[in-house]
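Structural overview
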Amino acid sequence: MTEKVSSSLRDSSVARWTALSIVSFTMFCGYFIADAMSPLKPMLESQLKWDNMDYGIFTSAYGWFNVFLLMLILGGILLDKTGVRFTGMLSTVVMIIGASMKFFAISHFFPEGMAPIFGIKAQVMFAALGYAIFAVGVETAGITVSRITVKWFKGKEMALAMGMQVSFARLGTLLAIAIPLPIANYFGDVSIPILFGVLLLCIGLIAYMVYVRMDIKLEASEAQNVKEEEEPFKMADVLTIITNKGFWLIALLCVLFYSAVFPWIKFATDLVINKYQVNPDLAGLIPSVLPLGTLFLTPFFGNLYDKKGKGATIMIVGAVLLIFVHGIFSIPFLNNWILAMAVTVVLGIALSLVPSAMWPSVPKIIPEKQLGTAYALIFWIQNWGLMGVPLLIGIVLSASNPTVSHAKVVVKDAITETYTQMQPQLHLNKIDFDIAVDKTTTRLINQVLVNTEYEGIQDTTGFAGFKNKLIAVNLQSVKNIQPLQQKNKLKQQVEDACVKASYNVIDKQKIALRYDYTKANLIFMIFGVLAFIVAFMLKAEDKKKGYGLELPNKIE
């Protein structure tokens, strides 16, 4: 028990909510970088010649170090040993290092012609390593911010504070889904949104420095408080946790549920463009309604669980919504963008329902002294799904659309050859040349995806002839363009001519540039079915063991 002999800074509502706002902003910056590459998948293909396997490998890198090197668990131990100030600063710096590596990898500064690393394109491997390093930082920062919330709000509005912190941080996810593609299209460079995210993280680091000053003042204000010694961590606690069936049911529900949501976000913008033929500059707005809904619904459902209970039932309902949503996405002929928007809203409701009941249920299953270890283990198990599922989806997309990535490479090669032969008139430096090729290729492929209706021919036969045909019609289309004094006007005329001529050839030959996401969405639906089964098992275990998951958290 703590005997209060002096006033604590956290007794000031202004101080504690200010502290929460500052660290939530740092997490907001981290969440932006975590998902900023998701809407850029089409441009990674058109500009950098990535395919689904490349993107799947990159996205799966999020869990490499956290899972195989146990960095997530080590981060929790570091937090226990050194406190929130050092761990928070270190994790934010690690995020900046990882994000900077990711930016460098996909920018024009990355050297061309590097040999593959372990059979993976050098550019993809370098970007993946950056993402893996970033993931260590952002996951450790997440644990640290949770500890900070407890530190400032214990005995006060802790449940509300946790809900508000998560909601504010998910604004970063919303921003990451909505704005990177328009920014990249505007600048004609896929790396610019990542550079924006790196700068945002630097501001987040400065914000955390401000919090460190507040934390020092908080401890100074409580310097005279006598605190009860906490029981030290013992390895026996881990054994106790992992032999608890309720723990495994919660952990399995967590990994299954999040595997059906967050990896889907990584592919959502590309899905919207390919299936619903939405303009790429607007495509991110549809999946962005998912985190937008959670901003308001997560605190609402958490408060509902506090007062009314029914935690296990809430998790079952959330799993049912997952099955419904991914089932709708899997039906090929349901391709109206308004329906996609409505179904995404339902997915947002599911994302609000399950976490609002799942995380507060853990303390009912695990004793309080073991909660830190239990949460770290659950996050570690969750990272297996965040690592493996994107790679699985990339493999499935490649297998079910065997020639789409290759066709996009052929299109870019034809555009590159056209600009190479026009270089004597254009006089572009290397960076401007690359940007012009990337912009033209992206605009052309986007126009095909949005405006054509054919399913496409999945056949590599004739691709060599197709490439030569594109080059020929492009050169013919630019032959009569008169050299102008202004290089930018000439470059724009070349771009317009190439897009128009190439589009006609692609449309006439029905070259497949569109991905069919049916099988991928069926996999997400299967995760929903499994989550539903586990949620039912958890409810049965609750009835058997009397955890109280169906009881209110607050007794009035």
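To keep things clear, this report deals only with the structure shown in the data block.

About the thresholds
- Residues numbered from 1 in each chain as written.
- Predicted model: local features only at pLDDT ≥ 70, side-chain atom pairs only at ≥ 80, totals over all residues.
- Heavy atoms only, no water.
- Helix = DSSP H or I, 4+ residues; strand = E, 2+ residues; numbered from the N terminus.
- Rg over C-alpha atoms; globule rule 2.2 N^0.38 Å.
- Buried < 20%, exposed > 50% of the residue type's maximum accessible area, 1.4 Å probe, protein only.
- Contact = heavy atoms within 4.5 Å.
- Areas by Shrake-Rupley, 256 points an atom, 1.4 Å probe, with all protein chains shown as cover.
- Lys, Arg positive; Asp, Glu negative; His and termini not counted.
- Charge placed at Lys NZ, Arg CZ, Asp CG, Glu CD.
- Phe/Tyr/Trp six-rings, centres within 6.5 Å; stacked < 30°, edge-to-face > 60°.
- Lys NZ or Arg CZ within 6 Å of the ring centre and 35° of its normal.
- Polar contact = N/O pair within 3.5 Å; in protein donor to acceptor, adjacent residues only side chain to side chain.
- Salt bridge = Lys/Arg side-chain N within 4 Å of Asp/Glu carboxyl O.
- Axes fitted to C-alpha atoms, helices over the stretch in contact; angles between N-to-C directions.
- Parallel < 35°, antiparallel > 145°, perpendicular 65-115°, else oblique.
- Nonpolar A, V, L, I, M, F, W, Y, C, P; charged D, E, K, R; others polar.
- Patch = residues over 30% accessible without salt bridge, like charges linked within 9 Å, V, L, I, M, F, W, Y side chains within 5 Å.
- Left-handed = near helix turned anticlockwise from the far one by under 90°.

The helix and strand inventory of the protein stands at 23 helices and zero strands. Here the protein has a C-alpha radius of gyration of 26 Å; the compact-globule value for 556 residues is 24 Å, and the two agree. Over its C-alpha atoms, taken along the principal directions, the protein stretches across nearly 85 × 45 × 40 Å. Burial status across the protein gives 56% buried among its 556 residues. Pairs at least 24 residues apart make up 86% of the contacts formed inside the protein by residues separated by at least 6 positions. For the protein, the exposed area adds up to about 23,700 Å²; of that, 67% sits on carbon and sulfur atoms. Averaging the coordinates of the 47 positive side-chain charges in the protein and doing the same for the 39 negative ones gives two points 2 Å apart.

Next up on the list: the packing of aromatic side chains. Each aromatic ring pair is specified by the distance between its two centres and by the angle formed by the two planes. Summed over the entire model, instances satisfying the criterion amount to 23 aromatic pairs. Seen in terms of ring centroids, F104 and F110 are 5.6 Å apart; in terms of plane orientation they differ by 65°. Their pairing is edge-to-face. Seen from their ring centres, F532 and F536 are 5.1 Å apart, and the 80° between their planes marks the pair as edge-to-face. Placement of the pair is F532 and F536 together in helix α23 (residues 518-545), with a separation of four residues, close to one helical turn. Through a chain of ring-to-ring contacts, the aromatic side chains of W50, F58, Y62, Y131 and F134 assemble into a single cluster. Against the face of Y55 rests K41, its NZ or CZ located 5.9 Å from the ring centre. The positively charged end of K102 is found above the aromatic ring belonging to F134, 5.6 Å away from the centroid.

A few words now on the environment of A34. Note on placement: A34 falls in helix α1 (residues 13-35). For A34 and A207, which are 173 residues apart along the polypeptide, the C-alpha to C-alpha distance reads 19 Å.

Before going further, it helps to examine the side chain of S259. Within the element layout of this structure, S259 appears in helix α12 (residues 245-259). Within the structure, S259 has its side chain in polar contact with the backbone oxygen of V255 (distance 2.5 Å). The contact partners of S259, leaving out residues within four places of it in the chain, are G385, V389, F524 and F527.

The next thing to look at is helix α3 (residues 52-60). At 3.6 residues per turn, the α-helix brings residues three or four places apart onto the same side. For α3, the tally of buried residues reaches eight of nine residues, placing the bulk of the element in the interior. Along α3, the residues that are buried comprise N52, D54, Y55, G56, I57, F58, T59 and S60.

Okay, the pattern of salt bridges next. Under the defined criterion, the tally for this structure stands at 15 salt bridges. Of the charged contacts in the structure, one is a salt bridge between E45 and K408, with a shortest N-O distance of 2.6 Å. Of this pair, E45 sits in helix α2 (residues 41-48) while K408 is found in helix α19 (residues 404-426), placing the two residues 363 residues apart along the sequence. For the pair formed by E45 and K408, the shared burial category is buried. With a closest N to O distance of 3.6 Å, K245 and E541 form a salt bridge.

All right, on to the packing of α2 against α19 then. Where α2 contacts α19, the two axes come as close as 8 Å, and the packing angle between them is 50°. By the angle between their directions, the pair α2 and α19 is classed as oblique. In this structure, α2 contributes E45, S46, Q47 and L48 to the contact, and α19 contributes S405, K408 and K412. A class-by-class count of the residues in the contact of α2 with α19 yields one nonpolar, three polar and three charged.

With that out of the way, let us pick up a nonpolar patch on the surface. On the surface, I526, V529, L530, I533 and M537 cluster together to form a nonpolar patch covering roughly 400 Å² of accessible area. Mapping V529 onto the fold places it in helix α23.

In this structure, Y375 sits in helix α18 (residues 371-400). In this structure Y375 comes out as partly exposed when scored by relative accessible area, which is 25%. Placed 12 residues apart in sequence, Y375 and P363 show a C-alpha to C-alpha distance of 9.7 Å.

Moving on: the side chain of D35. With respect to the element layout, D35 can be found in helix α1. Those residues in contact with D35, other than ones at most four positions away along the chain, are T173, A176, I265 and K266.

Okay, the environment of S167 next. On the secondary structure map, S167 appears in helix α8 (residues 158-178). Distance in space between the C-alpha atoms of S167 and T294 is 6.5 Å, their sequence separation being 127 residues. When near neighbours in sequence (up to four residues on either side) are disregarded, S167 contacts T294, L295, T298 and P299.

Put simply, helix α16 (residues 311-330) and α23 touch, their axes get as near as 8 Å, and they point 165° apart. Between α16 and α23, the crossing angle belongs to the class labelled roughly antiparallel. Relative to α23, α16 is oriented so that their crossing is left-handed. When grouped by side-chain class, the residues that make up the contact of α16 with α23 number 17 nonpolar, seven polar and one charged.

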